[in-house]
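These are the residues of each chain, in order.
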Amino acid sequence: MQQAITEAKKAFERDEVPVGTIIVYENNIIARSHNQREMLLDPTAHAEMIAITQASTYLQNWRLNDTTVYVTLEPCAMCAGALVQARVKNLVYGAKDEGCGACESLINLVNDPRFNHRLNVVSGILEDECGELLRQFFLERCRSG
């Protein structure tokens, strides 16, 4: 999770919402990213989406079986759906997202029995540190108007 936090800090420095993601396969980091919506002018450029693409390229397969995704914020519906579609095995995240979280908070897409794939989910890992980055980011944005 520390590596995902490092990615989130990169987003913060670039005035992006500070969310970071890494993907691990066989104890190796095969993808790492942070939010890049502002830079790419792309609403889908969430950290998870970019990392999924990187991991798929690395593995030369769209199926990310036996991977673990670490992300600093609970994934939204778009990202949760992509994790299911990619057949990710494990999701580990830091802070809950009460407004958009689609893994536990609002809905639970990653464990909906109607889908053909479900993920193992561990939440709250380094939750305070992950959440503090987000609080600082939005506090600074409020101050600057």
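Everything numeric here is computed off the predicted structure, so don't read it as measured data.

Rules of the game
- Residues numbered from 1 in each chain as written.
- Predicted model: local features only at pLDDT ≥ 70, side-chain atom pairs only at ≥ 80, totals over all residues.
- Heavy atoms only, no water.
- Salt bridge = Lys/Arg side-chain N within 4 Å of Asp/Glu carboxyl O.
- Helix = DSSP H or I, 4+ residues; strand = E, 2+ residues; numbered from the N terminus.
- Buried < 20%, exposed > 50% of the residue type's maximum accessible area, 1.4 Å probe, protein only.
- Axes fitted to C-alpha atoms, helices over the stretch in contact; angles between N-to-C directions.
- Parallel < 35°, antiparallel > 145°, perpendicular 65-115°, else oblique.
- Left-handed = near helix turned anticlockwise from the far one by under 90°.
- Contact = heavy atoms within 4.5 Å.
- Nonpolar A, V, L, I, M, F, W, Y, C, P; charged D, E, K, R; others polar.
- UniProt positions renumbered as here; feature names shortened; annotations may be inferred.
- Polar contact = N/O pair within 3.5 Å; in protein donor to acceptor, adjacent residues only side chain to side chain.

Draft legend 1. Main features of the pattern of salt bridges. Under the defined criterion, the tally for this structure stands at seven salt bridges. The partner of Glu7 in a salt bridge is Lys10, with the nearest N and O atoms 2.9 Å apart. Of the two residues, Glu7 and Lys10 are both situated in helix H1 (residues 2-13); the distance of three residues between them amounts to about one turn of the helix. With a relative accessible area of 2%, Glu7 lands in the buried category. Glu7 serves as the salt-bridge partner of Arg32, at 3.9 Å between the closest nitrogen and oxygen. Of this pair, Arg32 sits in strand S2 (residues 28-34) while Glu7 sits in helix H1, placing them 25 residues apart in sequence. Each of Glu7, Lys10 and Arg32 takes part in salt bridges that share partners, so that together they form one network.

Draft legend 2. Quick peek at the packing of helix H3 (residues 47-59) against helix H4 (residues 77-85). Interaxial distance between H3 and H4 falls to 9 Å at its minimum, and their mutual angle equals 25 degrees. Between H3 and H4, the crossing angle belongs to the class labelled roughly parallel. H3 and H4 meet at a crossing whose hand is left-handed. Contact residues: Glu48, Met49 and Ile52 in H3; Met78, Cys79, Ala82 and Leu83 in H4. Split by residue class, the contact of H3 with H4 holds six nonpolar, no polar and one charged.

Draft legend 3. View of the UniProt feature "domain: CMP/dCMP-type deaminase" (unreviewed entry) in the protein chain. Sites flagged by UniProt as "domain: CMP/dCMP-type deaminase" (unreviewed entry) map to residues 1-122. For the annotated span residues 1-122, helix accounts for 31% and strand for 24% of the residues, and the straight-line distance between the end C-alpha atoms is 12 Å.

Draft legend 4. Main features of the side chain of Gln36. Structurally, Gln36 is set in the loop between S2 and helix H2 (37-40). Its relative accessible area of 14% is what places Gln36 among the buried residues. A polar contact of 3.4 Å, which involves the side chain of Gln36, links it to the side chain of Ser33. Excluding residues within four positions of it along the chain, Gln36 makes contact with Glu16, Leu41, Ala45 and Ile50.

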